[in-house]
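The lines below spell out each chain.
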There are 2 protein chains.
Amino acid sequence: MNEHFMKIALNLAKKSFKNNEIPVGCVLVDESNKIISSSSNSMIKNHDPTSHAEIVAIRKACKKLKTTKLLNFSIYTTLEPCKMCESVIINVGIKKIYFGAYSDAIKIHERKLRNYFYHYKNYEFLGGFYEKECSELIINALEKNR
Amino acid sequence: MNEHFMKIALNLAKKSFKNNEIPVGCVLVDESNKIISSSSNSMIKNHDPTSHAEIVAIRKACKKLKTTKLLNFSIYTTLEPCKMCESVIINVGIKKIYFGAYSDAIKIHERKLRNYFYHYKNYEFLGGFYEKECSELIINALEKNR
């Protein structure tokens, strides 16, 4: 886990907030800590229900490297991946998943700020990084579009 | 369920077999029984782990209709959707899912040909249409690439 990458993802999420997308940013890093791709959610602009930040970043990285596997990669995303994204992440072989807001971000006001992590199916699946900033972005976007 | 659409999906799968892709075809039909998009798996050609037939067809239909929802659509696919595809199918609101081969197609030799169906979470999720043809295509592709 490298906070630097999460901060980049957070900045991408902030940009996508301005573009009226669901503000989620994502960075994909290879084993030598090089950023291979980054993205933000572009569902609305692209009329594409699969254009979640994670999927866009994975598609970009695979295209760039001419592969369908991203073994030894880490993914940094500002929101806990949904089932679709989680499936793709697992399919491509990514085993290090770091996220900001928990997917029940809407409830953040009811919780204290937390930064704990948990393990999931032998993967390093850690959440809560910049959780407050990541989830407030999403809450604000939801309120803006109400 | 309209066998005509499954046959079109099967023909798309056959074409993708010739192109050395994983031979899965898919057709998306709106409520007036009009085909809005069709596709086959193009993971290998596109270096895109998300280019399963179902995802490609959904992306095409959404782009065409400038939407991220495909309510009242039916999806015909020659292989039981994987978790990623199933998530997207559910996310876009498709409730009628018809497939050919079961995802454990590799075991078809151990089973009798079957054409039963089952219900899943209130969705019409029916499998086994042209099961023999759909699954043999996949088995042959796996053997070819061994």
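It should be noted that the structure appears before, not after, this text.
Attention in this report is confined to the structure presented alongside it.

The rules we used
- Residues numbered from 1 in each chain as written.
- Chains lettered and ligands numbered in written order.
- Predicted model: local features only at pLDDT ≥ 70, side-chain atom pairs only at ≥ 80, totals over all residues.
- Heavy atoms only, no water.
- Salt bridge = Lys/Arg side-chain N within 4 Å of Asp/Glu carboxyl O.
- Helix = DSSP H or I, 4+ residues; strand = E, 2+ residues; numbered from the N terminus.
- Buried < 20%, exposed > 50% of the residue type's maximum accessible area, 1.4 Å probe, protein only.
- Pairing = 2+ DSSP bridges.

This next bit is on the pattern of salt bridges. One side chain can pair with another of opposite charge once the charged atoms of both are near each other. Summed over all chains, the structure comprises four salt bridges over all chains. The closest approach of N and O atoms between Arg59(A) and Asp48(B), which form a salt bridge, is 2.6 Å. One end of the pair, Arg59(A), is in helix H3 (residues 53–65); the other, Asp48(B), is in the loop between helix H2 (43–46) and helix H3 (53–65), on a second chain. Glu136(A) is paired through a salt bridge with Lys132(A); the nearest N and O atoms lie 3.2 Å apart. Placement of both Glu136(A) and Lys132(A) in helix H5 (residues 131–144) is noted, with a separation of four residues, approximately one turn of the helix. The exposure class of Glu136(A) is partly exposed, given its relative accessible area of 30%. With a relative accessible area of 42%, Lys132(A) lands in the partly exposed category.

Looking along a regular strand, one sees side chains alternate from face to face of the sheet. Residues and elements named next belong to chain B. Both strand E1 (residues 25–29) and strand E2 (residues 35–40) contribute to a ladder of five bridges, which runs antiparallel. Bridge assignment links Cys-26 to a residue of E2, and that residue is Ser-39. In this antiparallel pair of consecutive strands, E1 and E2, the connection spans five residues, and Asn-33 shows a positive phi of 65 degrees.

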